[in-house]
2 protein chains.
Amino acid sequence: MTVAESHRESPTDEPPQAFVPGHVTGLFSVHPADDPRKAGSRGAGLALSAGVTVTVVPADETTVELDGETVEMEAVTGTLDRLDVSAAVRVESDLPVSAGFGVSGGAALGAVLVANERFDLERTENELVSVAHAAEVAAGTGLGDVVAQARGGAPLRCEPGAPGHGELNGIATPPTRVEYVSFGGRSTGEIIGGDVETLTQAGERALAALRDAPTLPHLFACSRAFAKDADLLTPSVERAIDDVRDAGGEAAMAMLGETVIALGDGLTRAGYEPASCEIDRAGARLV
Amino acid sequence: MTVAESHRESPTDEPPQAFVPGHVTGLFSVHPADDPRKAGSRGAGLALSAGVTVTVVPADETTVELDGETVEMEAVTGTLDRLDVSAAVRVESDLPVSAGFGVSGGAALGAVLVANERFDLERTENELVSVAHAAEVAAGTGLGDVVAQARGGAPLRCEPGAPGHGELNGIATPPTRVEYVSFGGRSTGEIIGGDVETLTQAGERALAALRDAPTLPHLFACSRAFAKDADLLTPSVERAIDDVRDAGGEAAMAMLGETVIALGDGLTRAGYEPASCEIDRAGARLV
């Protein structure tokens, strides 16, 4: 065993992997900028123990495979381009795509973490997060998932942008079960690329209210107010949230998917058959 | 089950607890300031899966028990004073005190996390970390452990101070086994309260070198150079580091204790009988 290998807990020939938690946004505002590292969102959400696992194998050309299917995932391709490397990236996801779980951002963040290891790039964690954030913003598929997924927990995105520009905080949470159901997909790009003035005003108001009393139940309440003010609810989402509330639980919409999340067993008690996971407190990591 | 309880994974009558990873500093520089939130250290280290578990029970007067013994722990008392609450704080530690593992900072950080939950204080994570950091600095028992323990991983403390003042980064690490042996205690206050000009110059040099190539083996190399330049090595520590190096491993001193840490099984291979743990990537958390 060489010294370079000896610090791994169980040295194997397996390529390095990264796990990146999913991330559901409960409320947000949009903050464009010419430099994609400065662009981003303010907002609040939850990092989830359901997420994506990413492997990276050096190759002549960058390709992306998601759960065994070759896909276009511009955030991932852009991430490796920015590092000046090319590789076959394999993403396995516990979560549906385009349903508000940050799968594209997670894939980009996982790819950058593994590529750093695999290509001996010697970048700091902040530099790696910055690359994935910039690629995700440039791809138009997300504005705040990457920094939240890197942090873990219940992230408050107080200032937009990558490390060095943005500013993060968090709600302190005990171990917490989260349930979710998805009724379909939704294009993030379509909404964040459109007229976002009303949405951003509603998001700023909701974040300010949440910061006055940063607790999990209040995150859900502020998210519901935001979804209504920003006119984001679909009939299925609205009905599920109402059902959970009627059964005495906390539920909210995951932005931007047709997805409802609930604390504890809120969806089960309301008669749904949700998937469940926990809040992930560690954030993105090599595994 | 009420809604307030329902989001806990396993609702029980147990009081909330926090786990805070231990933290070993490999290199550092000292940065005093009148405001303890602005004071701190730059440096680099490792958060450990061995750490402290803290419970807080409201009481008329604040007391601290460490592994069953009543102790004075000013960082903890100061933390609760700053929150304007009083409680019986119980700390259980996997790690020896005054040996460079950040037990006092960990106890303060654990106390603030549990107190926030227990007294419904509704503070953000950054606010809580800030309180524990300020109390630890004011107590003179540490300068950078708290912010590093809150973050987890292999933290680089690029700017000193609490959240909002300091700046953190990290070395991306795979799951990593760490071994350690302690040869005795050492007073942090004695060293960081004394003449630290040489030490701080050596610490700044070592951190700059590490940031050029932020990897785990390089952290150990920079730490060894720092310990020598700052004249911190004791004969037992120096001998153990040399033994691990002779056996082909990576070892360094944990500042400021008479403690040696090694990557992987470095100390075992050199004939020592160390304790072992892993790098903790999640940071301080309610459990």
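Since we're looking at a predicted model, the values are computed, not measured. (Residues numbered from 1 in each chain as written. Chains lettered and ligands numbered in written order. Predicted model: local features only at pLDDT ≥ 70, side-chain atom pairs only at ≥ 80, totals over all residues. Heavy atoms only, no water.)

Caption draft 1: Structural view of the UniProt feature "domain: GHMP kinase N-terminal" (unreviewed entry) in chain A. In the numbering used here, UniProt assigns the feature "domain: GHMP kinase N-terminal" (unreviewed entry) to residues 85–153 of chain A. End C-alpha to end C-alpha, residues 85–153 of chain A measures 31 Å, and it is 55% helix and 10% strand. (UniProt positions renumbered as here; feature names shortened; annotations may be inferred. Helix = DSSP H or I, 4+ residues; strand = E, 2+ residues; numbered from the N terminus.)

Caption draft 2: Quick look at the interface of chain B and chain A. With 44 residues of chain B in contact, the opposing surface of chain A contributes 44 residues. Carbon and sulfur atoms supply 54% of the area that chain B and chain A bury against each other, a total of about 3,600 Å² over both sides. Applying the counting criterion to the chain B and chain A interface returns two salt bridges. R151(A) serves as the salt-bridge partner of E125(B), at 2.6 Å between the closest nitrogen and oxygen. Seen at the junction of chain B and chain A, the total is 14 residue pairs in polar contact (both at pLDDT 80 or more). For the side of chain B that touches chain A, the secondary structure elements donating two or more residues are α1 (3–6), α3 (103–118), α4 (125–139), β7 (167–171) and β12 (285–286) of chain B. Counting residues per element, the side of chain B that touches chain A draws most heavily on β7(B), at four residues. (Contact = heavy atoms within 4.5 Å. Buried area = accessible area lost by both parts, 1.4 Å probe. Salt bridge = Lys/Arg side-chain N within 4 Å of Asp/Glu carboxyl O. Polar contact = N/O pair within 3.5 Å; in protein donor to acceptor, adjacent residues only side chain to side chain.)

Caption draft 3: Fine view of the sheet that holds strand β11 (residues 275–278) of chain A. Residue and element names in this part refer to chain A. Strand order in the open sheet formed by four strands is β9-β10-β8-β11, with antiparallel pairing between adjacent strands. What marks the edges here is a single partner per strand, and that holds for β9 (251–254) and β11. The average undirected angle you get between the axes of adjacent strands in this sheet is 30°. As judged from the four bridges shared by β9 and strand β10 (residues 259–263), these two strands associate in the antiparallel manner. (Pairing = 2+ DSSP bridges. Axes fitted to C-alpha atoms, helices over the stretch in contact; angles between N-to-C directions.)

Caption draft 4: Expanded view of the state of the cysteines. Applying the stated criterion to the full structure yields zero disulfides over all chains. Looking at the unpaired C222(B), the closest cysteine sulfur is the one in C158(B), lying at 13 Å. (Disulfide = S-S within 2.5 Å.)

Caption draft 5: Looking closely at the packing of aromatic side chains. Inspection of the entire model under this criterion finds four aromatic pairs over all chains. Pairing F101(A) with Y180(A) gives two aromatic rings, centres 5.0 Å apart and planes at 65°, and the pair type is edge-to-face. In this pair, F101(A) sits in the loop between β5 (87–93) and α3 (103–118) while Y180(A) sits in strand β8 (residues 177–182), placing the two residues 79 residues apart along the sequence. Y180(A) carries the same exposure label as F101(A), and that label is buried. An angle of 70° between the planes, with centres 5.6 Å apart, marks the rings of F28(B) and F226(B) as edge-to-face. One end of the pair, F28(B), is in strand β1 (residues 17–31); the other, F226(B), is in helix α8 (residues 216–229), with 198 residues separating them in the sequence. The class for F226(B) is buried, based on a relative accessible area of 0%. (Phe/Tyr/Trp six-rings, centres within 6.5 Å; stacked < 30°, edge-to-face > 60°. Buried < 20%, exposed > 50% of the residue type's maximum accessible area, 1.4 Å probe, protein only.)

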